[in-house]
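Structural overview for review
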Amino acid sequence: MTDLAEHSQIVGWAIDATTVLTVLALIFSLVRLIKGPSLPDRVVSVDLITVLAVAIAGLLAVTHSEPHFLDIALALALVAFLATVAFAWYAERTTELLERDRRDSERVEEPDGS
Amino acid sequence: MAVEIPWWELLVAACLLAGGFFLFVAGLGILRLPDVLIRMHASTKAGTLGVGLVFGAAALYFRNTAETAIAGLTIVFLLVTAPVAAHAIARAAYRMNVRLSDRTHLDEWQGKYGNPRDS
């Protein structure tokens, strides 16, 4: 895929530098995704990765002078929001259910113990 | 012979560089900061600013009504949804009793987060 648009030199440099910085940020958040100690750490990291994917789509639109990448970015932002909220809801709901189970089992055991 | 660079190309380059810088800062923050709530702070704010700058650069690059509208729509959408998503994750993280950084000074919910709605 070599149909890069004709850029002036300064825009070409800026695109190169921004691509490198964005990919570095992507690598950092992948490291956090792998070693994040808890589930919310990983959800935050996935959230940043999708935001970076949106940024890369916008960057590709400039690189290839192809406005359709902006539509992709908009759709990606929509899906990313839904995914993050769903993950958070799942994590919170799981904790709530675990807490309720624990309390119920304590309530059952109390009369026997006293 | 001085090469004449149009002003919008300078602006596009500056916005792209600033956006890339802030995205890099967001990645660095999510890698290096001590606990979930602080990491979220880096990824949400710096990340949104970085994406906003990249899309501003795209809008300036195309200088066209349709593309500017889509880029602006994306920026507005990110600005609306980033705080909501961050709030949801932060709530879930706190309720899951995630370990906070050792340097936390104030935790006003300490000890009373457990299901106030059931009691």
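One numbering rule holds for all chains: residues counted from 1, following each sequence as written. Key to labels: chains lettered from A, ligands numbered from 1, both in the order written. Per-residue local features of the predicted model are confined to residues with pLDDT of at least 70, and side-chain atom pairs are confined, for both listing and counting, to 80 or more; whole-chain, interface and lining totals are unaffected and use all residues. Side-chain measures here rest on the full set of heavy atoms in the structure, leaving out hydrogens and waters.

**Remarks on the environment of L78 of chain A**
All names here are of chain A. Within the element layout of this structure, L78 appears in helix 3 (residues 68-113). We classify L78 as partly exposed; its relative accessible area is 42%. Once the C-alpha coordinates of L78 and P40 are considered, the two residues, 38 residues apart in sequence, prove to be 20 Å apart. Strands here mean DSSP runs of E at least two residues long; helices mean DSSP runs of H or I at least four residues long; both are numbered from the N terminus. Buried residues are those whose accessible area, probed at 1.4 Å on protein chains only, stays under 20% of the maximum for their type, while exposed residues exceed 50% and partly exposed ones sit between those limits.

**A look at the nonpolar core**
Of all hydrophobic cores here, the largest spans 46 residues; its most connected members are L16, V51 and F55 of chain B. Mapped onto this core, the elements with two or more residues apiece are helix 1 (9-35), helix 2 (39-63) and helix 3 of chain A together with helix 1 (7-32), helix 2 (36-62) and helix 3 (65-95) of chain B. Whether two residues touch is decided by their heavy atoms; if any such pair falls within 4.5 Å, the residues are in contact. Discounting chain neighbours no more than four positions away, the residues touching L16 of chain B are A14, I15, T18, L59 and V62 of chain A together with V54 and A57 of chain B. Joining through side-chain atoms within 4.5 Å is the link that ties buried Ala, Val, Leu, Ile, Met, Phe, Trp, Tyr and Cys residues into a set, and such a set is a nonpolar core.

**Here's the deal with the side chain of T63 of chain A**
All names here are of chain A. Mapped onto the secondary structure, T63 falls in helix 2. Residue class for T63 comes out buried when judged on its relative accessible area of 15%. Pairs of N or O atoms are called polar contacts if they sit within 3.5 Å, as long as, within protein, a hydrogen donor faces a hydrogen acceptor (for residues adjacent in sequence, only side-chain-to-side-chain pairs). A distance of 2.6 Å separates the side chain of T63 from the backbone oxygen of L59, its partner in a polar contact.

**Let's talk about the packing of aromatic side chains**
Side-chain rings of Phe, Tyr and Trp, where Trp is taken by its six-membered ring, are said to pair if the distance between their centres is within 6.5 Å; with planes under 30 degrees apart they count as stacked, over 60 as edge-to-face, and otherwise as tilted. In total, this model carries five aromatic pairs over all chains according to the counting rule given. Ring geometry for F81 of chain A against F77 of chain B: centres 6.4 Å apart, planes inclined by 85 degrees, an arrangement best described as edge-to-face. Of this pair, F81 of chain A sits in helix 3 while F77 of chain B is found in helix 3, placing the two residues in two different chains. Residue F81 of chain A is classed as partly exposed on the basis of its relative accessible area of 21%.

**Some details on the environment of A71 of chain B**
Among the structural elements, A71 of chain B can be located in helix 3. Sequence separation of A71 of chain B and R103 of chain B is 32 residues, and the distance between their C-alpha atoms is 40 Å.

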